[in-house]
Structure formats: C-alpha cells, structure tokens
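# Examining the three-dimensional arrangement
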Amino acid sequence: MKKAVLVLADGTVFEGRAFGAHGETVGEVVFNTSMMGYQEILTDPSYVGQVVTMAYPEMGNVGANPEDEEAGKPHAVGMVVRTLSEKSSNWRAQETLDAYLKRHGVAGIEGVDTRRLVRHLRVHGAQQGIISSENHTPAALAERARSAPGMEGLDLATGVSTKEPYTFTTPSQDVFGGAPRAARETRFDVVAYDYGLKRSMLQFLVDEGCRVTVVPASTTAEQVLARKPHGVFLANGPGDPAAVKGADRTVANLLGKVPVFGICLGHQILALALGGRTYKMKFGHRGANQPVKDLTTGKVEITAQNHGFAVDDASLKGKAVVTHINLNDGTVEGLSIPDARAFSVQYHPESSPGPHDARYLFSRFAKLMAQ
Ligand SMILES: NC(=O)CC[C@H](N)C(=O)O
C-alpha cells in the first residue's frame, strides 16, 4: 500500500498507509470513540469538512452496505484508522470499507498510532489537518493545514440542506430481516428543517405516526406555518450554529406557535433563537458512550454524540430550563421551554450508531403534539 501522512496544523506528523481514495484532503481532525457504526458516522452530514479519527483500533470488519447510510454518500472528508480490515465479514456487506471510500473519493490513512493522535487532540484541541499520499514535505502540508478555514464562523448547513421540500414516509427498518414494522397510522404533520439531517431521525418520527415534510434550511417561519404542521423538527447539521443564515430568527418566529423539537445543531439553533449563546468546544463529544443526566428525573442515559460546539449554560438563564447535562464535563445537553412547548437535546436519540436509551424522546415530541 502507498505511504501516506497525516499532518496537523501544529506541525505534528503521523505516518501510515493510504486507503480509500489516494491524494489529499484537508479538514478539521476530530476523533470518535464509538466501537462500531463507522458507516453511519462517515455518512452523517454533520461531519462535512471533518477528518474522522476512529479511536477504536479495528475498522472495516463489517464492510459497507447501502442500508447503513445516514445520507446518500460519506460526508466526512477523510478517515484515520489504526488497523483497516482487508476483508469484510458480514452477510450484509456489499463491498469493503476501502472500496467504499475509493468509490466516493474519500481519502483514508491506516496504520496510524491513533492512541497518540487522540491524546494529542484531547490535550491540544481539534484542529485542521491534512491527509496526503503525494510526497510533499511535512512543513508544506502543515502550512496548508494552517491556512485552511476553521469551523468557527462557517455556515455549512445551508450548503448540504435539501434544495426542494419533499415528503418522507419510510419507517425504521429491522436490519435483522424481521417483518417490516407495522406503519403507525399517520397522526401528525411535521415539518423538518434540513440542516444536514440523518435519515434515521426521520424514520423514528415516521414510527411515531408523523408524515414528515422536509424543508430547506432557508424556509421562512411563514412558509412553515402556512403548511399548518402539528410540530416542527430541527435537525442536526455541520458547521457553526451561529453562522447558519437567519436560522435563529426563523425559529424565534415559530416558538409559541407550534411544538418544536431540536437535535444537535437544531438544539443549538433553538438556544440561539432564545437569545442564548453557543461556543466552540476544545475537542467536542463524538462517540456512543457519553453519559447524560436528565435533571428532571435524575436518570442517566448513555448517549450517542457528535458535536464540536455547545450551548453556553449562563446565556440561557431566565430563557429556558436546562434539562440535561453531560456527566463528563457538565456541559448543557438538553433544554426545554415549557410555555412554548419546545425542547431539544444536544445528543442523538436516534443514536445510529449507539445505545437506544434516548429513543423515548421521539414519543415525547408526539405527546407534545397530541396535547
Ligand atoms: N451533529 C450536529 O448536529 C453537530 C452540530 C454542530 N455542527 C457541532 O459541531 O456542534
């Protein structure tokens, strides 16, 4: 296999071998601690502009298949792994991870000391980096990584959002081949803002009896209210929440008029709509084992997460109730505005990949709409 390097903006060099597409890719280098679900991770549009390092050492073992995609293609711009499995061993696999990334033009590097890389990012913070199999000097690559734009101030959601509204009616699938879940009778019309959404979120809304109309990020509050929805869903998405054009004002104009449920970027935008603030975290939360405490019940959920920004707790005082916190670092994980029938979580109740502890939040949204 061809030699490749990963060079961080601070000049740190990691050597390895190229897989997937050969060539070069620049992005924010982040790490994910999930042991499985690399395909759901790679295809999550929230990874636009990011190079994902998988902390777990064995990757590619189950290959790739179309059912596990969260969107039509990988959105991460690069992948860093310790050991890449040459073969895929799974009855659902249609190709290897290597072939999958090659086909989609995504560069990977394997054989990297990912423990050292993850520790480096934890200490020095997520930063721009470049994967290259083109024999340039590390100094030149570090310079290019340094001149790449950082995540702060980047509106990436508007770019990946759907261009036209569409209706989504597919329930979640049983991947183990069981009978398809009986579709619930349609009870609610929901408008979902697409900031870069994961397909599984929509499937869980359909499971709750929602007919979902997905709309572009730039859709106005008036256009949404004209559809007379029972509820509005604010999806996940890439980039800086404060940079998504007009989103905070739009959501502010919806609050109080219709129940609102936000996840991840949607949660951050809801906070901004209330006059709250968001900030860039040092290295974010990405993985399937983040402990979150529900302050209203005292229960702890193990959650899937993928975010690099967070909502500033102090900025919400008097504007919203902080309902969930992260037990690792105390950051805000959920909020609610009871008067406005609105709530949101920073983590991923659809998991995909991850534990199912938080799936009940989709029913909570349905209950809110039924009231
Ligand atoms: N998954 C998401 O919606 C991520 C939200 C935002 N882009 C962040 O990094 O914090």
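Residues numbered from 1 in each chain as written. Predicted model: local features only at pLDDT ≥ 70, side-chain atom pairs only at ≥ 80, totals over all residues. Heavy atoms only, no water.

Heads up, the condition is: UniProt positions are given in the numbering used here, feature names are shortened, and annotations may be inferred rather than shown by experiment.
An unreviewed UniProt entry lists the protein under the name Carbamoyl phosphate synthase small chain, with Stigmatella ashevillensis as the source organism. The UniProt entry for the protein carries the following comment under Sequence similarities (unreviewed entry): "Belongs to the CarA family." You can read under Subunit (unreviewed entry) in the UniProt record for the protein the words "Composed of two chains; the small (or glutamine) chain promotes the hydrolysis of glutamine to ammonia, which is used by the large (or ammonia) chain to synthesize carbamoyl phosphate. Tetramer of heterodimers (alpha,beta)4."

### A look at helix α9 (residues 265-273)
As a reminder of what qualifies: Burial status follows relative accessibility: with a 1.4 Å probe on protein chains alone, a residue under 20% of its type maximum counts as buried, one over 50% as exposed, and anything between as partly exposed. Strands are runs of DSSP state E lasting at least two residues, helices are runs of H or I lasting at least four, and both sets are numbered from the N terminus onward.
Most of α9 is tucked away: nine of the nine residues are buried. For α9, every residue scored as buried is listed here: L265, G266, H267, Q268, I269, L270, A271, L272 and A273. Two residues or fewer after α9 comes G275, characterised by a positive phi angle close to 95 degrees.

### Re the packing of aromatic side chains
Just so we agree on the cut-off: Between rings of Phe, Tyr and Trp, where Trp is taken as its six-membered ring, a pair exists when centres lie within 6.5 Å; planes separated by under 30 degrees are stacked, by over 60 edge-to-face, and by other angles tilted. Criterion for a charge above a ring: Lys NZ or Arg CZ within 6 Å of the ring centre, and within 35 degrees of the ring normal.
Counted under the stated rule, the structure contains seven aromatic pairs. Ring geometry for F261 against F362: centres 5.8 Å apart, planes inclined by 80 degrees, an arrangement best described as edge-to-face. A residue pair is termed long-range when its members are at least 10 positions apart, and F261 in strand β14 (residues 260-263) and F362 in helix α10 (residues 360-370) qualify at 101 residues. Like F261, the residue F362 is buried in the burial classification. Geometrically, the ring pair formed by F261 and F365 is tilted, given 5.4 Å between the ring centres and 45 degrees between the ring planes. With F261 in strand β14 and F365 in helix α10, the pair connects residues that are 104 residues apart, well separated along the chain. Across this residue pair, the class does not change: F261 and F365 are buried. Here the aromatic residues F204, F233, F261, F343, F362 and F365 are joined through ring pairs into a cluster of three or more. A cation over a ring is seen here: R116 above F14, with NZ or CZ 4.3 Å from the ring centre. Above the plane of the ring of F309 lies K280, whose end atom (NZ or CZ) is 5.7 Å from the centre.

### Observations concerning the site of the ligand
The line we're drawing: Put simply, a residue is near a molecule or strand once any heavy atom of it comes within 4 Å of that molecule or strand. Polar contacts, as used here, are pairs of N or O atoms within 3.5 Å; protein pairs need one atom able to donate a hydrogen and one able to accept it. Residues neighboring in sequence count only if both atoms are side-chain atoms. Only the protein chains shown count as cover for residues, and the accessible areas themselves come from Shrake-Rupley with a 1.4 Å probe. Any residue outside Ala, Val, Leu, Ile, Met, Phe, Trp, Tyr, Cys, Pro, Asp, Glu, Lys and Arg is labelled polar, Gly included; the first ten of those are nonpolar and the last four are charged.
Taken together, 13 residues form the shell around the ligand, and within it G239, C264, N306, G308 and F309 come nearest. Interatomic distance of 2.8 Å between a backbone N/O atom of F309 and an oxygen atom of the ligand. Within the side chain of H348, an N or O atom sits 3.5 Å from a nitrogen atom of the ligand. Against a free-state accessible area of 300 Å², the protein chains account for coverage of 97% of the ligand. Contributing elements (two or more residues each) for the shell around the ligand: α9 and β16 (300-311). For the shell around the ligand, the element with the most residues is β16, which contributes four residues. Taken together, the residues that form the shell around the ligand break down as four nonpolar, nine polar and no charged.

### Here's the deal with the UniProt feature "binding site: L-glutamine" (unreviewed entry) in the protein
Rules: Residue contacts are defined here by distance: any two heavy atoms, one from each residue, within 4.5 Å place the two residues in contact.
In the numbering used here, UniProt assigns the feature "binding site: L-glutamine" (unreviewed entry) to S46, G237, G239, L265, Q268, N306, G308 and F309. The largest pairwise C-alpha distance within this set of annotated residues, which runs over 264 residues, is 13.2 Å, so the set is compact in three dimensions. Summarising the element assignment, S46 is placed in the loop between α1 (38-43) and β4 (50-54). In this structure, S46 is in contact with G196, N236, G237, P238 and N306, ignoring residues within four places of it in sequence. In this structure the side chain of S46 is engaged in a polar contact, spanning 2.8 Å, whose partner is the side chain of N236.

### Here we look at the UniProt feature "active site" (unreviewed entry) in the protein
Sites flagged by UniProt as "active site" (unreviewed entry) map to C264, H348 and E350. These annotated residues cover 87 residues of sequence, and their C-alpha atoms all fall within 11.3 Å of one another, placing them together at a single site. Classification of H348 by relative accessible area gives buried; the value is 2%. Dropping the residues within four chain positions of it, H348 is found in contact with K198, M201, N236, I263, C264, A304, Q305 and N306. There is a polar contact of 2.7 Å between the side chain of H348 and the side chain of E350. Overall, the relative accessible area of 0% leaves E350 in the buried class.

### Quick notes on helix α4 (residues 138-147)
Worth spelling out the cut-off: Note that the arc is computed from the directions linking the helix axis to the C-beta atoms.
If you check which residues of α4 are buried, you get L141, A142 and A145. Axial view of α4: buried residues confined to an arc of 100 degrees, hence all on one face. Counted as exposed and oriented over 90 degrees from the buried face of α4: A139 and S147. As for α4, its buried residues are in contact with β1 (3-8), β3 (24-32) and β9 (127-132).

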